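# Structural features, examined
If you want the building blocks of each chain, they are given just below.
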Amino acid sequence: MNICITGAGGQLGQSFKSLTGAYPQWQFHFADRSIADLSDLSTVDQWLEASQPDVLINCAAYTNVNQAEEDEALARQINVDAVEHLARYCSRKAIPLFHYSSDYVYHTERGIPFRETDATAPKGVYAVTKLEGERAALAAHAGTTVIRTSWVYASMGHNFVRTMLRLGSERDELKVVSDQIGTPTYAPDLAAASLQMLQAWRQGTVSGEDMAGIFNFSNEGVCSWYDFALAIFELSGLECTVHAVESHEFPSPVERPHYSVLNKTRIKKTFQLEIPYWREALGRCLAAIGQ
Ligand SMILES: NC(=O)C1=CN([C@@H]2O[C@H](COP(=O)(O)OP(=O)(O)OC[C@H]3O[C@@H](n4cnc5c(N)ncnc54)[C@H](OP(=O)(O)O)[C@@H]3O)[C@@H](O)[C@H]2O)C=CC1
Ligand SMILES: Cc1cn([C@H]2C[C@H](O)[C@@H](COP(=O)(O)OP(=O)(O)O[C@H]3O[C@@H](C)C(=O)[C@@H](O)[C@H]3O)O2)c(=O)[nH]c1=O
């Protein structure tokens, strides 16, 4: 089976790369932006033609939440138009498409872990385009699997863990928001779960129909960004005093949700997944970084 993966240079894309050894029965084809540029669909089509996917996994996205406010056209091109294009291709070929979305699409004041069927109310260009991208993909191809995830980090790339380690080594004190609650997701755990889903489908324990649609996924547990920062410094042994602040004390052009914890019952039950606790996953990430 040919598994083709876009956005190979990102956190999730690289995490898939690190797991290929566990699936010797499958052939993986990775494309970063230099091979398949989602803002130039002819390069995407050429790569698809050459690699002939049996499954397509889209890890490419415009993910800079603040910058997206100024780059709306590009964010929409990558997070919506290109996703619809990929979904149309998968529909024509009758192959599964895996695509990723964000906890930021929910953004309502529910205060109970969000189920996939709950109302959405995204704020800001990034979150709005992520929701539009999900909808476009699901409308174009019934065999689309959308995984909504949150607070993704890895030992490489741009993420909160690496930012905290950098700032913590430069400063004695940091201010971190304590009124935004969610769950971190270690990118290799998300990649591993995605491959377990495909394996269940391939082995016939889960049908293509049951694999399609929207699923939430994050690590287990709940924390604020402040708690997350404290854990990063505690587990890495780096000394830095962290002050809990409210969101308005860390000004940003985009409002983040105060609560975006995901209910993961659907993915756990459908695929019999055991999901690691966020602090344990953070420990593995810090070990991989060498902290
Ligand atoms: N990061 C997070 O906190 C969260 C991410 N998600 C979603 O999970 C998915 C994976 O995110 P993650 O791996 O963390 O994100 P990253 O930002 O680490 O990776 C995104 C990748 O997309 C690539 N990309 C951007 N523009 C293009 C383009 N025009 N053509 C081809 N590739 C492009 C980037 O390439 P380059 O390296 O060249 O810039 C980058 O490698 C995304 O759908 C994201 O929206 C959901 C919730 C949280
Ligand atoms: C660096 C820093 C951030 N913060 C706050 C800002 C923000 O509310 C929170 C996290 O910072 P980030 O820059 O990682 O935030 P952000 O880029 O909004 O992270 C989001 O990225 C997109 C792609 C997603 O889909 C989301 O799930 C989420 O991971 O911490 C502080 O309070 N103090 C700091 O020193």
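Below or above, wherever it landed, is the structure these notes cover. Since the structure is predicted, the reported quantities are computational estimates derived from the model, not experimental observations. (Residues numbered from 1 in each chain as written. Chains lettered and ligands numbered in written order. Predicted model: local features only at pLDDT ≥ 70, side-chain atom pairs only at ≥ 80, totals over all residues. Heavy atoms only, no water.)

## Some words on the pattern of salt bridges
- Following the criterion strictly, the structure yields 10 salt bridges and no others.
- A salt bridge links E132 to R76, with the shortest nitrogen-to-oxygen separation between them at 2.9 Å. Remark: R76 occurs in helix α3 (residues 72–93) and E132 occurs in helix α4 (residues 125–140); sequence separation between them is 56 residues.
- Exposure remark for E132: the relative accessible area of 30% places this residue in the partly exposed category.
- One network of salt bridges, in which partners are shared, links E72, R76 and E132. (Salt bridge = Lys/Arg side-chain N within 4 Å of Asp/Glu carboxyl O. Helix = DSSP H or I, 4+ residues; strand = E, 2+ residues; numbered from the N terminus. Buried < 20%, exposed > 50% of the residue type's maximum accessible area, 1.4 Å probe, protein only.)

## Re the pairing of strand β2 (residues 27–31)
- In the sheet, strand β1 (residues 2–6) pairs with β2 via five bridges, with the strands oriented parallel. Within the sheet, the bridge partner assigned to T6 lies in β2 and is A31. (Pairing = 2+ DSSP bridges.)

## Some remarks on the environment of G237
- One can find G237 in the loop between α8 (225–236) and β12 (241–245).
- Overall, the relative accessible area of 57% leaves G237 in the exposed class.

## Here's the deal with the site of ligand 2
- For ligand 2, the set of nearby residues contains 19 residues, the closest of which are S102, D103, K175, Q180 and R256.
- Within the side chain of Y126, a nitrogen or oxygen atom sits 2.9 Å from an oxygen atom of ligand 2.
- With respect to ligand 2, the backbone of V177 contributes an N or O atom lying 2.9 Å from an oxygen atom.
- Within the complex, the protein chains bury 83% of what would otherwise be the 710 Å² of accessible surface of ligand 2. (Near = heavy atom within 4 Å. Polar contact = N/O pair within 3.5 Å; in protein donor to acceptor, adjacent residues only side chain to side chain. Areas by Shrake-Rupley, 256 points an atom, 1.4 Å probe, with all protein chains shown as cover.)

## Quick word on the packing of aromatic side chains
- The tally for this structure, following the rule as stated, stands at 13 aromatic pairs.
- Measuring from centroid to centroid gives 4.9 Å for Y23 and W26, while their planes differ by 10°, and the two rings are stacked.
- Under the relative-accessibility criterion, Y23 is labelled buried at 10%.
- The class of W26 is buried, set by a relative accessible area of 7%. (Phe/Tyr/Trp six-rings, centres within 6.5 Å; stacked < 30°, edge-to-face > 60°.)

## Remarks on the site of ligand 1
- Close contacts around ligand 1 come from 23 residues, with R33, L38, T63, Y126 and K130 the closest.
- Backbone polar atom of L38 to a nitrogen atom of ligand 1: 2.8 Å apart, as the coordinates give it.
- Measuring from an oxygen atom of ligand 1, one finds a side-chain N or O atom of Y126 at 2.8 Å.
- The fraction of the free accessible surface of ligand 1 (890 Å²) that becomes covered by protein chains is 82%.
- Those elements giving two or more residues to the shell around ligand 1 turn out to be α1 (11–19), β4 (97–102) and α4.
- With three residues, the single largest contributor to the shell around ligand 1 is β4.
- When grouped by side-chain class, the residues that make up the shell around ligand 1 number 11 nonpolar, nine polar and three charged. (Nonpolar A, V, L, I, M, F, W, Y, C, P; charged D, E, K, R; others polar.)

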